[in-house]
Amino acid sequence: MSVQPLAVGQKASLTKCFGPAEVAAFADLSEDFNPLHLDPAFAATTVFERPIVHGMLLASLFSGLLGQQLPGKGSIYLGQSLSFKQPVFVGDEVTAEVEVIALRDDKPIATLATRIFTQSGALAVTGEAVVKLP
């Protein structure tokens, strides 16, 4: 199996829904038990009015995309910037996308735009990842 070289503009994506069980499991793993994520009664008193998915749980989708799809297995995550633009509610479907935006000539390093879109197509999370290529 031959590996295709990376090119600026290449994209990969995945779609996922984070329900109450996934959010609770992430809370256990991360020790982030903020009731905004876990308690519908508490969340109803906030500006969001219902539980939202942890931002870092959403961003974890980038790790899966980078390590499995683009650039793929053997990639090493060097850095990630994130900006949270709007909430994602527990039970909503999201699409995470990575896109190659720069390739270094002097080293096997790529920069990728990272984005998460809500089920309505709105941008929820944006950022950039820097990855050492396998």
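Quantities reported herein were computed from a predicted structural model and do not represent experimental measurements. (Residues numbered from 1 in each chain as written. Predicted model: local features only at pLDDT ≥ 70, side-chain atom pairs only at ≥ 80, totals over all residues. Heavy atoms only, no water.)

### Observations concerning unusual backbone geometry
Along the chain, leucine 70 connects to proline 71 via a cis peptide bond; the corresponding omega equals 5°. With respect to the helices, strands and loops of the structure, proline 71 is situated in the loop between α4 (55-68) and β2 (76-84). If you check the backbone angles, glutamate 31 has positive phi at about 65° while not being a glycine. (Helix = DSSP H or I, 4+ residues; strand = E, 2+ residues; numbered from the N terminus.)

### Let's talk about the sheet that holds strand β1 (residues 11-17)
Read from one edge of the open sheet, five strands run β1-β3-β4-β5-β2, paired in antiparallel fashion. Both edges of this open sheet fall to β1 and β2, since each of them pairs with a single strand only. Between one strand axis and the next, the sheet turns through 20° on average, direction left out of account. Pairing analysis gives seven bridges linking β1 to strand β3 (residues 93-103), with the strands arranged antiparallel. The residue bridging serine 13 from the neighbouring strand is glutamate 97, located in β3. With respect to the sheet, α4 is in contact with β1, β2, β3, β4 (109-117) and β5 (123-132), its orientation differing from that of β3 by roughly 55°. (Pairing = 2+ DSSP bridges. Axes fitted to C-alpha atoms, helices over the stretch in contact; angles between N-to-C directions. Contact = heavy atoms within 4.5 Å.)

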